[in-house]
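# Tertiary structure, described
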Amino acid sequence: MAGFNAANIVEPLDYDFTAIKGLENVKGTIPEPTSLQVQTFLTASRKEADRNQRDLGITGDAEDMTKEQILAVLDKASPSRTQAAKKREAEIFSDLCSGTPTAGQLLELPHRIMIEFAKWVTKEVLDPEVSTGGGGAQVVNLRSSAAG
């Protein structure tokens with residue numbers, strides 16, 4: 001019977017920001033988040049989304065908003081509000097990552113790169129692409145019932 005080797009189940013959460021000006025020395029491996037960190041992340045993310053909707057006056061389904069409602073929301077989205085929300089988001093992601101990278105480093109990322117980092121780490125943590133159990137089990141092909 002094959003064994004289970006936890007070291008080979010998921011890929012390390014390596015990140016590299018060295019191509020970003022001001023972050024030339026920032027790269028590393030995010031420690032595997034605990035179940036508590038993941039749950040805290042999910043709760044904080046949901047609360048932050050609710051807060052942003054409330055602060056901007058978005059009610060119901062944002063996809064059903066009229067052009068006038070969208071313009072009213074954009075009018076409320078001041079640079080200071082946006083920066084405060086960005087800071088809270090960086091703290092939420094840094095907490096998930098055990099401070100590696102730090103919230104300050106995440107705040108220095110350009111907008112599009114931060115968006116992609118957030119998507120990547122969320123997917124890796126919530127829906128990792130796992131490999132086999134790391135054991136040496138033999139794969140047995142079963143004959144089709146149609147083969148007789």
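This write-up is about the structure you can find in this document. These figures come from a predicted structure and were not determined experimentally. (Residues numbered from 1 in each chain as written. Predicted model: local features only at pLDDT ≥ 70, side-chain atom pairs only at ≥ 80, totals over all residues. Heavy atoms only, no water.)

### Brief notes about the environment of Ile20
So the rule is basically this: Only DSSP runs of H or I covering at least 4 residues are called helices, and only runs of E covering at least 2 are called strands; the numbering of each starts at the N terminus. Between buried and exposed lies partly exposed: a residue is buried under 20% and exposed over 50% of the maximum accessible area for its type, with that area taken using a 1.4 Å probe on protein chains only. Here, residues are in contact when the closest pair of their heavy atoms is within 4.5 Å.
Looking at the secondary structure, you find Ile20 in the loop between β1 (13–16) and β2 (27–30). Taking the relative accessible area as the measure of exposure, Ile20 reaches 14% and is therefore buried. Along the sequence, Ile20 and Glu108 sit 88 residues apart, while their C-alpha atoms lie 8.7 Å from each other. Here Ile20 is in contact with Glu108, Leu109, Pro110 and Ile113, once residues within four sequence places are set aside.

### Focus on the packing of aromatic side chains
Put simply, the rule reads: To pair, rings of Phe, Tyr and Trp, with the six-membered ring standing in for Trp, must have centres within 6.5 Å; the planes then decide the type, stacked if under 30 degrees apart, edge-to-face if over 60, and tilted in the middle.
Enumeration over the complete set of coordinates arrives at four aromatic pairs. Both rings, one in Tyr15 and one in Phe17, keep their centres 5.1 Å apart while their planes meet at 50 degrees; by these two values the pair is tilted. Grouping residues by exposure puts Tyr15 and Phe17 together as buried. When the ring of Phe117 is compared with that of Trp120, the centres are 5.8 Å apart and the planes differ by 45 degrees; the resulting orientation is tilted. Here Trp120 and Phe117 lie together in helix α5 (residues 111–126), a separation of three residues that amounts to about one turn. Through a chain of ring-to-ring contacts, three or more aromatic side chains come together here, namely Tyr15, Phe17, Phe117 and Trp120.

### Comments concerning the pattern of salt bridges
In plain terms, the rule: We define a salt bridge as a contact between a side-chain nitrogen of Lys or Arg and a carboxyl oxygen of Asp or Glu at a distance within 4 Å.
Taken as a whole, this structure holds four salt bridges when the rule is applied. Asp50 is paired through a salt bridge with Arg46; the nearest N and O atoms lie 2.5 Å apart. Taken together, the residues Asp50 and Arg46, both in helix α1 (residues 35–56) and four residues apart, mark about one turn of the helix. Overall, the relative accessible area of 32% leaves Asp50 in the partly exposed class. The partly exposed category is assigned to Arg46, whose relative accessible area is 47%. Of the charged contacts in the structure, one is a salt bridge between Lys87 and Glu91, with a shortest N-O distance of 3.2 Å. Of this pair, Lys87 and Glu91 both sit in helix α3 (residues 79–96), four residues apart, which is roughly one turn of that helix. Taking relative accessible area as the criterion, Glu91 reaches 34% and is therefore assigned partly exposed.

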